[in-house]
Amino acid sequence: MTRVLVYVGVLIAIMAATEARPKSAEPKCKSGPVDLVFIIDGSRSVRPHEFETMRKFMIDIIHEMDIGLEATRVGVVQYSSQVQNVFSLKAFSKPAQMVKAINEIIPLAQGTMTGLAIRYAMNVAFSAEEGARPNVPHVAVIVTDGRPQDRVAEVAAAARESGIEIYAIGVARADMTSLRAMASPPFEDHVFLVESFDLIHQFGLQFQDKLCGMDLCVESDHGCEHICESSPGSYQCLCLPGYTLNEDGKTCTPIDLCAEGKHDCQQICIASPGSFTCDCNTGYTLNDDKRTCTMIDYCSFGNDSCEHQCVGVLNGFNCRCHEGFSLNDDLKTCTMIDYCSFGNDSCEHECVSVLQSFYCQCREGYTLNEDETTCTMIDYCSFGNDSCEHECVSVLKGFHCRCNDGYSLNGDKKTCTMIDYCSFGNDSCEHECVSVLKGFHCRCNDGYSLNGDKKTCTMIDYCSFGNDSCEHECVSVLKGFHCRCNDGYSLNGDKKTCTMIDYCSFGNHSCDHHCVGVLNGFYCRCNEGYTLQENGKTCQSDNLCNTVEHGCEHQCVSTPGSYHCICPEGHVLQDDGKTCGTCRSSNIDLVLLIDGSKSVRPQNFELVKQFVNQVVDQLDVSPKGTRVGLVQYSSRVRTEFTLSMYQTKEEIKKAVMNVEYMEKGTMTGLALKHMVENSFTEADGARPAGRNIPRVGLVFTDGRSQDDIQEWAKKAKEAGITMYAVGVGKAVEDELREIASEPVQKHFFYSADFTAISQIAENLKLNVCAAESQGEIEVKNPCACESLVEFQQVTMTTLDQLTQKLSAMTKRLEVLENQLLTRK
């Protein structure tokens, strides 16, 4: 045992020395022959750079060893959910061969079946068939970074009983209890736990003294009162028989070894001065060590007939099976346990039982997912070798090519040709049919033009060329054209232009401002800012926008006897009838919850940020107006900025574009909880509820929530928060409706893809503006008496103005009609 301990210490010390000093042609210290097997963890939790560190760990140790068939033999076993024999003890006799094989190891990247790997090492790797030698120390070094997914205690004990010295090196996430269950005692010499793979080599330093054979009892001031006992790299103080070592670890006190239970007797201790002797109970015999007792072993008689293991009991024996097997009804033979038969394997396709466990296997054409239970059909199109001109469609065990709409697949089953719709013979074209994508069009012969029915043809109309220069009417004739004037006009000498008869030139129009000639007559027109009176001749000023202080922020529009203010597109006239705003009385606290899960993808997350800024553009952002806060969520929740952080649109929009994509899961319920408990608190900038400032929450998501949303969606609305739900892609409609406030149709929006969310933002602003309460601004009841009277007065005034304007227009028409009759 001591020889093996020193040897593995040698190995790890060599590794540490290699890191700390320049390499030499020969190691400082050599060891005797040993059979060494590395058992390395190849599960998917071991990251690629960590696996490379473990690979270097083995190579550096091999470089410092005396490798040879008569010296040190090395084997390597990799395990995850299964075991891989990288190379056996007899495979190579030169370090270069071993290094090449280690560098070619590909991580298995599955589970962590450590017990299965130890059993393989005991039954196979350390067998004579694989190169293990008798009377040579057998050493196993296990390197792992996680908790075993199977049982290790019993199989590790069996391996130790078979003569294998086990060292357990745990890294980062490894479980100390599991490491101690695997390793040989004492644990302080056989169990190591480090924070990362980069620190493995540090544990070789404590074994360097063991390698070189320093005797600290001789070469140091040990201070032992009785006896100093050396050990590799250390020493300990011992006492003479009949004495016990005190707490100072150096001085001794005489004791009654039997009375104080320090006699090492397994059953009976018989005290004697300064010593003791051991005895056994009836039915047991004292072993050669004079300490322990052994019950009569009926199994040693050789007539037990047990298939696996015979266990002696008092006055008899029982048969016992190896781990992973169950005893049959004959109480002698064993059958391997079928873990698949328990019905808890959760395998989507097939369950495959193995010793002490099981694994899931997919049917042909499918691949096992990362959860190691479900299967996904293999996407052969993703291999990139489909050669499809348009589109590749994956099917079970293969793929086929598909053409875009308007194309048909060629005989090579890869390329596409545009469909010739003219070849169908149903085009009805009078002259010629021309095929185009997804259809056809008709074309006429030279000298003809296509009619409105898009099928028949008409001879070219030379007047239609637009170069006839006729002011009124062009009349096509064969191979040419001539000009003709409308009724009431005469053709001028240039044979192209026409002149209307000017009735104003007769001098009897009596217009106050301007006479305007019209066909077969005239009418009077006033200068800008004046209105023609009922007599159709005199003018009166009516543009109040030019004569009064109207106070319009954007534009004043005059009406007969009055005026009103208007705002630019995208703005709304405020209650004062003069100023403009993006939303009428825009005074709300708005918190947006945006989905940052992995399914959104980076390019679409940029569209989500643009969507948020499009919503912000419609709001009147200010400390006393609208406040905006932003929360991003995935598997966790992160406040990007609170309601009080930014006070202008520009600050908010800049902060939105700087938000970093979180990825991972979709915990919408957790985000709603965060919004209710944090985002709308005064500490985060929400204004007190007593001020009647509306609180609005907007949830943007692209998929199903991975937690329950019902509780916190309800609490949000009970807290007086008006909730809007915006879904894209795979968002679940039932969840969106659960989140949205009543009426749901005004608070729930959905789009099949991210490219349409800008339209959602446009529609959303109308509802948000309409839903805004006035807050601290007075709100009139439209059903109150004074409101109805005011509405009636405004309506009657408008109707009177329209009636007067209509009466004036009617009288002017009568005057014009009389003038025309007079002229005739």
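In this text the structure is predicted, and so the values were computed from the model without any measurement. (Residues numbered from 1 in each chain as written. Predicted model: local features only at pLDDT ≥ 70, side-chain atom pairs only at ≥ 80, totals over all residues. Heavy atoms only, no water.)

Trainee: Would you mind showing me how to read the state of the cysteines here?
Mentor: Simply put, disulfide is the name for a covalent bond between the sulfur atoms of two cysteines. A complete count under the given rule lists 24 disulfides for this structure. Between Cys 381 and Cys 392 runs a disulfide, and the two sulfur atoms are separated by 1.9 Å. On the sign convention where negative is left-handed, the bridge of Cys 381 and Cys 392, at about -80° about the S-S bond, is left-handed. Separated by 11 residues along the polypeptide, Cys 381 in the loop between β22 (375-377) and β23 (391-395) and Cys 392 in strand β23 bring together distant segments of the chain. Both residues of the pair, Cys 381 and Cys 392, belong to the buried class. Disulfide partner of Cys 504: Cys 515, at an S-S distance of 1.8 Å. The sign of the S-S torsion, about -80°, decides the handedness of the disulfide formed by Cys 504 and Cys 515: left-handed. Residue Cys 504 is located in the loop between β34 (498-500) and β35 (514-518), and its partner Cys 515 is located in strand β35; the two are separated by 11 residues in the primary sequence. Judged by relative accessible area, which is 22%, Cys 515 ranks as partly exposed. (Disulfide = S-S within 2.5 Å. Helix = DSSP H or I, 4+ residues; strand = E, 2+ residues; numbered from the N terminus. Buried < 20%, exposed > 50% of the residue type's maximum accessible area, 1.4 Å probe, protein only.)

Trainee: What am I meant to see in the packing of aromatic side chains here?
Mentor: For any two aromatic rings, the description comes down to two numbers: the centre-to-centre distance and the angle of the planes. Enumeration according to the criterion identifies 10 aromatic pairs in this entry. Here Tyr 462 and Phe 465 contribute two aromatic rings whose centre-to-centre distance is 5.3 Å and whose plane-to-plane angle is 70°, an arrangement assigned as edge-to-face. With relative accessibility at 37%, the residue Tyr 462 sits in the partly exposed group. Note on Tyr 503 and Phe 506: the rings are 5.4 Å apart at their centroids and 80° apart in plane angle, and the pair reads as edge-to-face. Judged by relative accessible area, which is 12%, Tyr 503 ranks as buried. Assessed through its relative accessible area of 49%, Phe 506 is described here as partly exposed. (Phe/Tyr/Trp six-rings, centres within 6.5 Å; stacked < 30°, edge-to-face > 60°.)

Trainee: Even after reading the chapter, I still don't get the confidence of the model for the protein chain, so can you show me in this structure?
Mentor: When pLDDT drops low, the exact placement of atoms in the prediction is not to be read closely. For the protein chain, per-residue confidence averages 82 on the pLDDT scale, and 81% of positions sit at 70 or higher. Scored below 50 in pLDDT, residues 770-782 shows 27 contacts in the model against residues more than four places distant or in partner chains. (pLDDT = per-residue confidence, 0-100. Contact = heavy atoms within 4.5 Å.)

Trainee: Would you take a moment to explain the side chain of His 747 for this structure?
Mentor: With respect to the element layout, His 747 can be found in helix α15 (residues 744-747). Of the residues examined, His 747 reaches a relative accessible area of 7% and is grouped as buried. For His 747, the residues in contact, after removing those within four places along its chain, are Thr 722, Met 723, Tyr 724, Ala 725, Ala 740, Ser 741 and Glu 742.

Trainee: Could you clarify how one ought to interpret unusual backbone geometry in this entry?
Mentor: Residue Pro 186 is reached from Pro 185 by a cis peptide bond, and omega for that bond is -5°. Position of Pro 186 relative to the elements: it lies in the loop between α6 (176-182) and α7 (187-190). For the peptide bond that leads from Glu 742 to Pro 743, omega is -10°, which places it in the cis range. Look at Glu 663: it is not a glycine, yet its phi comes out positive at around 65°. Look at Glu 663 and you get partly exposed, because its relative accessible area is 35%. We note that Asn 692 has phi near 60°; this positive angle belongs to a residue other than glycine. Under the relative-accessibility criterion, Asn 692 is labelled partly exposed at 44%.

Trainee: What's the story with the pattern of salt bridges in this structure? I'm lost.
Mentor: Pairing between side chains of opposite charge can happen when their charged atoms approach one another. According to the stated counting rule, one finds 22 salt bridges in the structure shown. Taking the shortest distance from any N to any O, the salt bridge between Lys 397 and Glu 364 comes out at 3.5 Å. Of this pair, Lys 397 sits in the loop between β23 and β24 (398-402) while Glu 364 is found in the loop between β20 (357-361) and β21 (366-368), placing the two residues 33 residues apart along the sequence. Taking the relative accessible area as the measure of exposure, Glu 364 reaches 60% and is therefore exposed. (Salt bridge = Lys/Arg side-chain N within 4 Å of Asp/Glu carboxyl O.)

Trainee: How do you make sense of a nonpolar patch on the surface when you look at a structure like this?
Mentor: Where nonpolar side chains cluster on the molecular surface, the patch consists of Ile 227, Leu 240 and Tyr 243 and spans about 240 Å² of accessible area. Mapped onto the elements, Leu 240 comes out in the loop between β8 (234-238) and β9 (243-245). When its relative accessible area of 39% is taken as the criterion, Leu 240 is described as partly exposed. (Patch = residues over 30% accessible without salt bridge, like charges linked within 9 Å, V, L, I, M, F, W, Y side chains within 5 Å. Areas by Shrake-Rupley, 256 points an atom, 1.4 Å probe, with all protein chains shown as cover.)

Trainee: Just to check I follow, could you spell out the sheet that holds strand β3 (residues 83-87) for this structure?
Mentor: Strand-to-strand pairing in sheets goes through backbone hydrogen bonds, with the strands running parallel or antiparallel. Read across the sheet, six strands follow the order β3-β2-β1-β4-β5-β6 without closing on themselves; strand pairing throughout is mixed. Edge positions in the open sheet fall to β3 and β6 (191-194), since each of these has one partner strand only. Within the sheet, the average angular offset between the axes of one strand and its neighbour, ignoring direction, is 20°. Taken together, the eight bridges between strand β1 (residues 34-41) and strand β2 (residues 72-79) define a ladder with parallel strand orientation. When the sheet's bridge partners are listed, Phe 38 is paired in β2 with Val 76. Set on the sheet, helix α2 (residues 48-63) makes contact with β1, β2, β4 (138-144) and β5 (164-171); between it and β1 the angle comes to about 170°. (Pairing = 2+ DSSP bridges. Axes fitted to C-alpha atoms, helices over the stretch in contact; angles between N-to-C directions.)

Trainee: Even after reading the chapter, I still don't get helix α11 (residues 649-657), so can you show me in this structure?
Mentor: Residue pairs spaced three or four apart in an α-helix point in one direction, given the helix's 3.6 residues per turn. Burial in α11 covers these residues: Lys 649, Ile 652, Ala 655 and Val 656. The arc enclosing the buried residues of α11, seen along the axis, measures out at 135°, which places them on a common side. Of the exposed residues in α11, the ones pointing more than 90 degrees away from its buried face are Glu 650 and Lys 654. (Arc of directions from axis to C-beta.)

Trainee: Would you explain the packing of helix α12 (residues 668-679) against helix α13 (residues 710-718) in this entry?
Mentor: For any two helices packed against each other, one specifies the crossing angle of their axes together with the interaxial distance. The contact between α12 and α13 brings their axes to 8 Å, and the two run at 25°. With respect to their mutual orientation, α12 and α13 come out roughly parallel. Judged by the twist between their axes, the crossing of α12 over α13 is left-handed. For the pair formed by α12 and α13, the contact residues are Gly 669, Leu 672, Lys 673, Met 675, Val 676 and Glu 677 on the first element and Trp 712, Ala 713 and Ala 716 on the second. (Parallel < 35°, antiparallel > 145°, perpendicular 65-115°, else oblique. Left-handed = near helix turned anticlockwise from the far one by under 90°.)

Trainee: Is there a simple way to explain the sheet that holds strand β45 (residues 637-641) in this structure?
Mentor: One open sheet holds the six strands; their spatial order is β45-β44-β43-β46-β47-β48, and the pairing between them is mixed. One side of each edge strand has no neighbouring strand; the edge strands of this open sheet are β45 and β48 (748-751). Adjacent strand axes in the sheet meet at a mean angle of 20° when their direction is disregarded. Sheet topology note: the strand β47 (residues 721-728)/β48 ladder contains four bridges and is parallel. Within β48, the position partnered with Gly 727 by the bridge is Tyr 750.

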